[in-house]
Structures are given as C-alpha cells and as structure tokens.
Protein chains: 4
Amino acid sequence: MACQFRNVSSFPAPCNRLVTVTTVEAGPSRLERRKAETRREIIDAAFTCFAEQGYHATGIADIAARLGIGHGTFYRYFENKRDIVEHVIDDLVERIVATLGAENAPDAVSTLDDYRAQSERIGAGLARIFSEDPRVPQLLLSAAGIDDAMRERMLDLFAATAPLTAAYLEHGVHHGYLRADLDVESTAQAINGMILGSVLAALRDPSPERQARLSAAIRAVMYDGIAAR
Amino acid sequence: MACQFRNVSSFPAPCNRLVTVTTVEAGPSRLERRKAETRREIIDAAFTCFAEQGYHATGIADIAARLGIGHGTFYRYFENKRDIVEHVIDDLVERIVATLGAENAPDAVSTLDDYRAQSERIGAGLARIFSEDPRVPQLLLSAAGIDDAMRERMLDLFAATAPLTAAYLEHGVHHGYLRADLDVESTAQAINGMILGSVLAALRDPSPERQARLSAAIRAVMYDGIAAR
Amino acid sequence: MACQFRNVSSFPAPCNRLVTVTTVEAGPSRLERRKAETRREIIDAAFTCFAEQGYHATGIADIAARLGIGHGTFYRYFENKRDIVEHVIDDLVERIVATLGAENAPDAVSTLDDYRAQSERIGAGLARIFSEDPRVPQLLLSAAGIDDAMRERMLDLFAATAPLTAAYLEHGVHHGYLRADLDVESTAQAINGMILGSVLAALRDPSPERQARLSAAIRAVMYDGIAAR
Amino acid sequence: MACQFRNVSSFPAPCNRLVTVTTVEAGPSRLERRKAETRREIIDAAFTCFAEQGYHATGIADIAARLGIGHGTFYRYFENKRDIVEHVIDDLVERIVATLGAENAPDAVSTLDDYRAQSERIGAGLARIFSEDPRVPQLLLSAAGIDDAMRERMLDLFAATAPLTAAYLEHGVHHGYLRADLDVESTAQAINGMILGSVLAALRDPSPERQARLSAAIRAVMYDGIAAR
DNA sequence: AATGAATGAGACTTCATTCAT
DNA sequence: CATGAATGAAGTCTCATTCAT
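Residues numbered from 1 in each chain as written. Chains lettered and ligands numbered in written order. Predicted model: local features only at pLDDT ≥ 70, side-chain atom pairs only at ≥ 80, totals over all residues. Heavy atoms only, no water.

A. How the structure looks around the overall build of chain A. A tally of helices and strands in chain A yields nine helices and zero strands. Moving toward the C terminus, one meets the helices and strands of chain A in the order α-α-α-α-α-α-α-α-α. Scored against the burial criterion, the 229 residues of chain A give a buried share of 52%. Considering only contacts in chain A between residues 6 or more positions apart, those separated by 24 or more positions represent 70%. (Helix = DSSP H or I, 4+ residues; strand = E, 2+ residues; numbered from the N terminus. Buried < 20%, exposed > 50% of the residue type's maximum accessible area, 1.4 Å probe, protein only. Contact = heavy atoms within 4.5 Å.)

Written out as structure tokens, the structure is:
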C-alpha cells in the first residue's frame, strides 16, 4: 500500500475564502486571532453536524446552536451554507495530509521488505484516521451527494490520490523491487480502490479485527496475487 | 475479477410497491399495461432527474414536467419523493443484476485460465453498464448523500457484493487454481474495492482505453501481484 | 317540553336539486327508480361519513368507496361536495320531522296534565332520535363549521323550532293551563335551549339514566321553577 | 341564571406554549414585550379570520396578510394552524372568564332576591360579551366543526359550565331559598342550555330588546315555571 | 461585532372535479 | 351510464439569508 496526500497542492485549488488573512510582519492582531479562532470553531461544529446529520439535514441554526452563537453571526464568517461545507472539506483533506505526514516519502525505502513495512505503517495510519473517526469517511461520502460540483470534487479527490501512490510504485519499479512491466498509474488506481473499499467496509463494521484482516488481504493481493503457485 | 449481483435476494428487500400487479390468466389488461408503462416512464424520468441534478435539487414538479404530466399524477403512482428514489435505486440494481446475467456462475469454470476469461467477461460487462450510462454510478454515488438510511443502503449494496465475489474465490480455492491460504471474504472485499475504484475513475475519464488499462491492471494485480519475481 | 318540526315548510327552502324528478302520470320508470335509489344510498353513505369523520375530513372518494361505486359516479348524482352535504342535512331534518309525526298537535290537549304527558312523549321521541343515533346531533353540530352559509342554516334550523314550541305554549295560554303573562316566543326559545343543552350533554354522556334525569329536570324547571315555595 | 367560568382550571389544560415567558425580577425586556405584543396581534388577527371565514377557509397567509407580516413570521410564534386555533380558543375562554369576574361568587348572596339580582347581573355580562362581539359565539360554534378533538373540546367547554352553575344552585338549596328537592346538576345543565339558546338566538337577532326579553323569559321560567297558578 | 426577528421562495402533498374510455 | 386516471389550485410548512438594533 502506498501513501497519499503528500501535499495539498495536488488537490483542486481551495475555494475563495471570505476573509483574506493578511500576514503582516507584526503578526496577527488580537482581534484577528480571535476571528480565526471563531472560524476554526465554526468549521469544527459544521464538520460534526454535516457528518452526523448530513448536509441537507443540517441547518445553519444547528451549527450556530452547537457553538452557542447566534446564527446571524455565522454569516459574518462564511458567505453561505455552500461556503462552509467547502471549507469543512478543505480542512478535512488538510488534516488527512498532515496525519500521513512527511516521514513516508516514496524515496525513503529501497527494498521490497522496506516497502512492505512502509505500506503497513501508512495503512495503519489511514486506518486510524478513518476508523477512529468514522465521521470522516461518512462526510466525504455524503458530500458527494450535495451537488454536481461537490461530487466532481470528491471524485477529483479520489483521483488525486493515484499519482501519490503511483510515485511509490514508480520508485519501486525504478529500484527493481517491483515488476518492471507495471502499468504504474493504473495499478496505483487499483490499489487505491482497495483502500477505498476497506474504508467503506469500516463504516459498516468498524471492528479492528475486520480492519486488520482486510488490510492483510490487500497486502497479500498486492504482493502475491491470488493465483496458486 | 469475479461476478456480483447474482441474485437480487442478497440485497435489502425491495420496499412496498404502490401498485399490486395482479397476474390474471388472461394477462394484464390494456389499462394495467398502460399503468405499468407510466410507472416505468416516471421511474426513468426520475432516474434522469436525480442523476443529473441530484436528489435534493430535483422537485416532483421537475419529474412530472419532463414527462409532460401534472405533478398530481405523480402521486397516483408513488407515495412521495422518498418512495420514487427507492424504486429508482431498486430498478437500477435490478438492471445491473440482469445485465450481468446468469451465464457467469461461480461453478462454471475449473481452471485458472477459464477464470481469468470469465473475470474479463464480467469486467467488460460491468464496464459497459457503467460507462455506457455514467448516470448509473453517478446516481449510486450521490444517493449515499440523501440521508442516513440511504447511505446505509448504499453501503449495504457494496457489502452485498462481497459474498458474490467470495463465491467465485471459494470455488477457485476448492478446485486448486487459487491459493489455498486465501482469506476469501477479505480478498473478495479488496477485489470489489478495485472494481469500485475503476468505476469511479470512469466517471472522470470514461475513455475505453483508460477502462481497458485499468481492467488489465486489476487483473494483473490479482493474478500476479506487484512484486518482481 | 314542546314539539318541533311540524312541517318542513318552516325551514329554509331546500337547495336546487341536480335532478328534477318529473312525476308523470304513469309513475316513475324503472330507471328513474334505480336512480332515486342510488341517490338515497349516496346520501346515506355521505351522512355516515360526514358524521363520523366530519365534513372536511371526508373525501368524495370515501363516500364512493363506502358504496363500492367509482367516485366519478358520484358527480352524476350530485353537483359537488357542497351539494351533497346540503342534501344530507335536508334529509336529516325531514327524518326528524317525520319521526316527531303529526300525532302531537298543539291543539290535541286541553289540560296541564295532558300537556305534561304530551311533553314527556315528545321529549322521549327526541331523545330517541338523538341518543339512539348520536351521529345526528354530531352532524348538525359539525355542519355549523362548514362555512358561513351552513352556520346560518343551522342557526335558522334552531330558530325555526321556536315557533313550533310557541304554538304549544300559545295553546296552553289560550286554554288557561299556562300562565297568561307568558312571553310565548321568548319562553319557547328558552325551552328549546334546554332541549338543545340536553342533546349536547347526551353527546358526551349518552347513558339513558343521565338523559332521564336531565329530561326530568327540564320538566321540573318548566312547571315549577326552581324557587322554594 | 347562574355564573360560569369562575376559574379557568375547570377547563381542559391549555396546550403547550411556543414561547416560555421568563419572569425576571427586572420585568420583561423591550424585546420580550414586543414579542408578546406580536403574539397578541397574531391571535387577534387569527380570531378575526377564523370567525369571519371559518377555520378551514382561513389560510395562514390570510392571517399574516391581515397583519402585514410575512407568513413565515407566523411560524416563529405558533407551531402550526392547529396551534393557533387552540390559542385563539384559550384566549377567548380566558377573556370570558375575566369578564364575568370574581365579583360574582356563589356564596356572596343569601336571599332569593339577591340571587335574582346576581343572575340578572351575570346574564347581562354574558349578553354583553356575546352580543357586543358576535364573532365570539360564532367562533365557538364553528370551532366544533374543525375536527373530532375540537368538537370534544367545545362540548367539554359547555359541560364544564354546569358545575359552576351547580355551585350557585347548591348554595341556594343550602340556604333554603331554592327548592330542597332540586336535582342540582341536571338543573344546572338545563339552565345553561337556556343561556346557550339565547346566545345562539343573539347570533341571528342581536337586538338588545330581543336579548332583554329572552333574558327575562329565562328568569321567569327559572323562578316561576310556566304553569298557571 | 453580534444577534435573532423577519422574510418569502419554494418544496411537498392533497383532493375536488373533469372527461375520455 | 359508470369509471377512475389525470389534473392543478391551493395550502402547509421550512430554512437560508438579510438587516435593524
């Protein structure tokens, strides 16, 4: 298994922000810091609401109520409902990227065994993110139903993971510990599909045992195939 | 690759129909046929609307207008908006099942080569369904965002495909052409994940070449793994 | 207690009928009889529906369904929903009048004792009508809420009973067994109010004992007043 | 004639209010007062609409339009159409109770003449309420046609007046100025029936003369009966 | 800057009535 | 003549967004 989300620049450009954070030399003022804090809190509250009740069932009033602020206040921080969900998704992706971290670079390993170990590590990391907080995949999944644009964004998100995995594969092919004839890009897509499948499976049955077995099965398919030898 | 959707009984029970089709010896009367036809047309129109604009952006009026019928007429055939989307999904699943057909039984093959051929055939069938009409996966994807129940239903749908694939694997293990130590269930899940991934990929790039490469990569991973020999 | 509803001519003129029954010398044809029969059945079914569920909660379809006829057929016998309720009320009033019958004429008695006996008889008759079939007062009561015109009609109906009671009182005054200084009209109104009150009471507690006590109390008030002697 | 509506606790419990009035030491704030004012205005507007057009013919839009507010605003103050009518009725009953006031207690009199005077006073008060604003009895009457529950409620309302009247009668019996053998409860019911009758009569002919004559006739029946001496 | 009262577009749904079969 | 499929006016209610305080 390979890594994703190395840097956010691979993803569709983040949407237009309401507030442009002007980073002056002197650093943000107290007011600016408070404002950013409130934005953060609204995003978090919205994340929870959207994930738990879904986008359409969540009202602006729900988000505001969870924070104990007036729902008019919401509109001082975000343009509209669509704007906030956009930011929630952006934030989510950023968090995922940050979690996977930089430690796992495609060029950090040079043998198949190292690769397997790395895969396992990354897989465990992903599993942690998604199964520790099932709201994450839940939100991503339900976001696809918001409208055409958001569905495209979710598909883009999934597609954007392929090059990341591909980089690992490329590295492996280059160093000779992976098949020379690999269709790197397509294989990356296939591998990411398996990961996606395990994430969806975890939504229904989040038991660690199930996750562990699935993860093992994925690695087995990857390295050994399913055919008898 | 293995088959899915052998029989519909594996899926959540279809919801209660509005119209009970009385099967008389003489066959359905003209009126009954007309009624069934209208139902069919409404389902199709709803399918198009939901797929193109999404569930929430689609009004009953849109569906009715597309057919040139009064929107009151809609309610003579379906109880409410939720009812129609349920039927649209049911219909979709049924169509997929029908397309995959009975020709591909898990016990129809006995060698690995036969199995690969069969996989290829089924893969091609699935690809045809999904890429000939991208609205199908589009709808299935966005349906997950309708509400909690529908998200569960979509996850169930995906989960329900695992045992079907598993049956093929089981058959292969039993006949010796697949690894004896396969975790059949988990491996099936992983394989179906790859298929799901390719379906999603097809939504963004529906070119046959891309599909063909993906399909080939999936089979390569399955049978040979990615490790160099 | 005194009598009401001597002849229907005291009531507001019945509304425009949909079908004008042409009484030819030869008598009604078979078809005409069948038609009248169906009208009768529709009125009865409507009566039941209106009384049980109320005017607004009753649909034309409910009435038709109760008879096992198509609801389109309804409109071949009555102009619209308003028309049928009008006929149901007319029919009800006619039935009440018929029940009270001609036997109780204001000039049939000449002593106070006779009068008391007659009152008792008529009171028992009314009680029978209203408490044997609580749907009757229920319908009359709820009809007052249909619209302005119907409320007026119900008030007219109640008002129309005063002259009937007054005729009895007049007779009594004339014959000397009732007070010479009676304000006949107003007293009649007051007496009918007591009857109305007992009818309403019967809707909540239809027990015969309660009815009997109420009836006795009314007669006691009428003949003896409430003051200690 | 006797008194009704001594205390509201005799009536069905008022339904759950939308707004909980928090009684702080400092008294209601300006906003709270404005809110209560708007509630009041909505209730009044609804009262007018219901009385003039009837419950079913009145739309929320009508009520809102009469006040010049958006119809969405209505729903900030009342849950739904049923809720508002409930409050309108509650308000009506409260107003009636308040009008009759506390001055007329059953134990405030001890002779028949006092009692007659009190009856006259209360009767005049009732007459004023009902004939000054005919919409009041109109609404109470038509409310009975809203649905089963409301009809029950109106019948309960009428029934609830009996014990109040009975208390006066009881007092009179106890003090010896009313017949010792009175069936207090039933007689109270009968008397209230007469009052109800006069209220209904006032709806058709609201002239004060008519009311005065009716009131006199009721008292005459009560104290002297109708029989010649 | 924060608030929440007001708003009205818009969605769903019902049902009396019409009319082609 | 009977039928019931079709219709659309009308009504209820929600909620994202605005704006005066």
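B. Here's a closer look at the protein's contact with DNA strand E. By nearness alone, 29 residues border DNA strand E, and Thr 73 of chain A together with Gly 70, Thr 73, Arg 76 and Tyr 77 of chain D come closest of all. A distance of 3.2 Å separates a phosphate oxygen of DNA strand E from a polar atom in the side chain of Lys 35 of chain D. Contact between DNA strand E and Tyr 77 of chain D: a phosphate oxygen at 2.5 Å from a side-chain N or O atom of the residue. Counting only elements with at least two residues in the surface near DNA strand E, the list comes to helix H3 (71-77) of chain A, helix H3 (71-77) of chain B together with helix H3 (71-77) of chain D. Partitioning the surface near DNA strand E into residue classes produces eight nonpolar, 16 polar and five charged. (Near = heavy atom within 4 Å. Polar contact = N/O pair within 3.5 Å; in protein donor to acceptor, adjacent residues only side chain to side chain. Nonpolar A, V, L, I, M, F, W, Y, C, P; charged D, E, K, R; others polar.)

C. Spatial organisation of the relation of the copies chain A and chain B. At an RMSD of 0.4 Å, chain A and chain B line up after a rotation of 178° and a shift of 0.1 Å along the axis. Here the copies are linked by what is in effect a two-fold axis. Of the interface residues in chain A, 96% have counterparts in chain B that sit at the interface too, so the contact is made through matching surfaces. (Least-squares fit on C-alpha atoms with pLDDT ≥ 70 in both.)

D. Molecular detail of the relation of the copies chain C and chain D. Mapping chain C onto chain D calls for a screw motion: a turn of 178° about the axis and a shift of 0.0 Å along it, with 0.4 Å RMSD after fitting. A share of 96% of interface residues in chain C that are also interface residues in chain D marks the association as one of identical surfaces.

E. Seen up close, the pattern of salt bridges. A full pass over the atoms with the stated rule returns 66 salt bridges over all chains. Put simply, Glu 52 of chain A and Arg 66 of chain A hold a salt bridge, and the shortest N to O gap is 3.6 Å. In this pair, Glu 52 of chain A is assigned in helix H1 (residues 30-53) and Arg 66 of chain A in helix H2 (residues 60-67), connecting sequence segments 14 residues apart. Note that Arg 153 of chain C is salt-bridged to Asp 90 of chain C, the shortest N-O span being 2.6 Å. (Salt bridge = Lys/Arg side-chain N within 4 Å of Asp/Glu carboxyl O.)

F. Spatial organisation of the protein's contact with DNA strand F. Around DNA strand F, the structure places 29 residues, and the nearest of them are Gly 70, Thr 73, Arg 76 and Tyr 77 of chain B together with Thr 73 of chain C. Backbone atoms, meaning sugar plus phosphate, form 61% of the atoms of DNA strand F positioned within 4 Å of the protein. Separating a base nitrogen of DNA strand F from a side-chain N or O atom of His 71 of chain B is a distance of 3.3 Å. Note that a phosphate oxygen of DNA strand F is positioned 3.3 Å from one of the backbone N or O atoms of Ile 60 of chain D. Breaking the surface near DNA strand F down by element, the ones donating at least two residues are H3 of chain A, H3 of chain B, helix H3 (71-74) of chain C together with H3 of chain D. With five residues, the top contributor of residues to the surface near DNA strand F is H3 of chain B.

G. Up close: the interface of chain C and chain D. Taken together, the contacts link 52 residues of chain C with 50 residues of chain D. Of all residues in chain C, the largest losses of buried area upon contact with chain D belong to Arg 179, Arg 204 and Ile 226 of chain C, amounting jointly to 16% of the total for that side. One can count four salt bridges joining chain C with chain D. As a salt-bridge pair, Asp 183 of chain D and Arg 213 of chain C come within 2.5 Å of each other at their nearest N and O atoms. Summed over the shared surface of chain C and chain D, the result is four residue pairs in polar contact (both at pLDDT 80 or more). Counting residues per element, the side of chain C that touches chain D draws most heavily on helix H8 (residues 184-204) of chain C, which supplies 14 residues. (Buried area = accessible area lost by both parts, 1.4 Å probe.)

H. H2 of chain A, seen in detail. Looking at H2 of chain A, one finds that the buried residues are Ile 60, Ile 63 and Ala 64 of chain A. Angular distribution of buried residues about the axis of H2 of chain A spans 95°; they occupy a single face of the element. (Arc of directions from axis to C-beta.)

I. Expanded view of the interface of chain A and chain B. Taken together, the contacts link 51 residues of chain A with 50 residues of chain B. A combined buried area of about 4500 Å² lies between chain A and chain B, and 62% of that area is made up of carbon and sulfur atoms. A per-residue breakdown of the area chain A buries against chain B is headed by Arg 179, Arg 204 and Ile 226 of chain A, which together make up 16% of the total. Between the two partners, chain A and chain B, sit four salt bridges. Ionic pairing is found between Arg 204 of chain A and Asp 156 of chain B, a salt bridge with its closest N-O pair at 2.6 Å. The leading source of residues in the side of chain A that touches chain B is helix H8 (residues 184-204) of chain A, at 14 residues.

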